[in-house]
Amino acid sequence: NKATGQVRTNPNNQAFDKGPSDFDKRHVMNLSGLWELPFKPGNRLANAVIGGWSLNTIVSLWSGFPFSVGSGVDNARTGTGGQRADLVGQPSLGDNRSQGQLIDQYLNKDAFALNALGTFGTLGRNTFRAPGFASVDFGLSKGFTLKERITTTFRFEAFNAFNRTNLNPPQASRNNVQFMGITS
């Protein structure tokens, strides 16, 4: 735990801190493409207007980062942090929830309790996954020849073209007032 300078959360159980790394992206897909539109009209004016256009796109998708649900208190009485919550119920609130419901309560708050006195918690490290990321960038461009050796390019670009909201992990400390709420 970098914050406290300790090597292990639970000095009596080395396996307590085993789990996915904080930056583990389990599934990643990046796709890029460029398409030169096949319009080549014979008319010089028509070619100047509708010929020579290019479309490009970049699609980025990845699964959410893992996160641990911490207790936020030192119930192990060690003077150090990193203690995790106890799982006391079903954390899933089901599929097909609206984005507003996910933001308000990502996982079932009542499924987690502060770690019992004298313990480090029952949950493993990085047990849950935050929401994933998806973005589609789009571009349209056309080159224009002004003179034999002088050209210019018109370019239109849209980043996150479909305006998808990508959510960060929820507040995952059990003693936080916004516990399991997504704030950014």
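Residues numbered from 1 in each chain as written. Predicted model: local features only at pLDDT ≥ 70, side-chain atom pairs only at ≥ 80, totals over all residues. Heavy atoms only, no water.

## Structural notes on the sheet that holds strand β1 (residues 28-36)
Short version of the rule: Think of it this way: DSSP has to see at least two bridges between two strands before they count as a pair. Only DSSP runs of H or I reaching four residues or more are called helices, and only runs of E reaching two or more are called strands; each is numbered from the N terminus. Angles here are taken between N-to-C directions and fall from 0 to 180 degrees, while the axes themselves are lines fitted to C-alpha atoms, restricted in helices to the stretch in contact.
Taken in spatial order, the four strands of this open sheet run β1-β2-β7-β8, and their pairing is antiparallel. Strands at the two margins of the open sheet, each flanked by one partner only, are β1 and β8 (150-158). Direction aside, neighbouring strands of the sheet carry axes that sit 15° apart on average. As paired elements, strand β2 (residues 53-62) and strand β7 (residues 133-147) share ten bridges and run antiparallel to each other. Counterpart to N56 in the pairing with β7 is G139.

## A look at the layout of surface pockets
Spelled out, the test is: The rule is simple: put a 1 Å grid over the protein atoms alone, call a set of points where a 1.4 Å probe fits but cannot get out a cavity, call an open set with protein on both sides within 12 Å along at least five of seven lines a pocket, and count a residue as lining if it has an atom within 4 Å of a point. Grid points are joined across faces, edges and corners, and a volume is the space filled by probe spheres set on the points. Under the scheme applied, nonpolar residues are Ala, Val, Leu, Ile, Met, Phe, Trp, Tyr, Cys and Pro; charged residues are Asp, Glu, Lys and Arg; polar residues are all the others, including Gly.
One number sums up the size of the second largest pocket: a volume of about 180 Å³. Across the lining of the second largest pocket, the residue classes tally to three nonpolar, three polar and two charged.

## Thoughts on the packing of aromatic side chains
As a reminder of what qualifies: Here a pair means two rings of Phe, Tyr or Trp (six-membered ring of Trp) with centres within 6.5 Å. Their orientation is stacked below 30 degrees between planes, edge-to-face above 60, and tilted elsewhere. Residue exposure (1.4 Å probe, protein chains only): buried if accessible area is under 20% of the type maximum, exposed if over 50%, otherwise partly exposed.
A complete count under the given rule lists seven aromatic pairs for this structure. A centroid spacing of 5.9 Å and a plane angle of 80° characterise the contact between W53 and F154, whose relative ring orientation is edge-to-face. Of this pair, W53 sits in strand β2 while F154 sits in strand β8; the two residues are 101 residues apart in sequence, bridging distant segments of the chain. Looking at W53, the relative accessible area reads 18%, which means it is buried. When its relative accessible area of 39% is taken as the criterion, F154 is described as partly exposed. Between F112 and F128, the ring centres sit 5.7 Å apart and the planes meet at 85°, which makes this aromatic pair edge-to-face. One end of the pair, F112, is in strand β5 (residues 112-113); the other, F128, is in strand β6 (residues 128-129), and 16 residues separate them in sequence. As far as the burial class goes, F112 and F128 line up, both buried.

Read these as layout, nothing more, since geometry by itself doesn't imply function.
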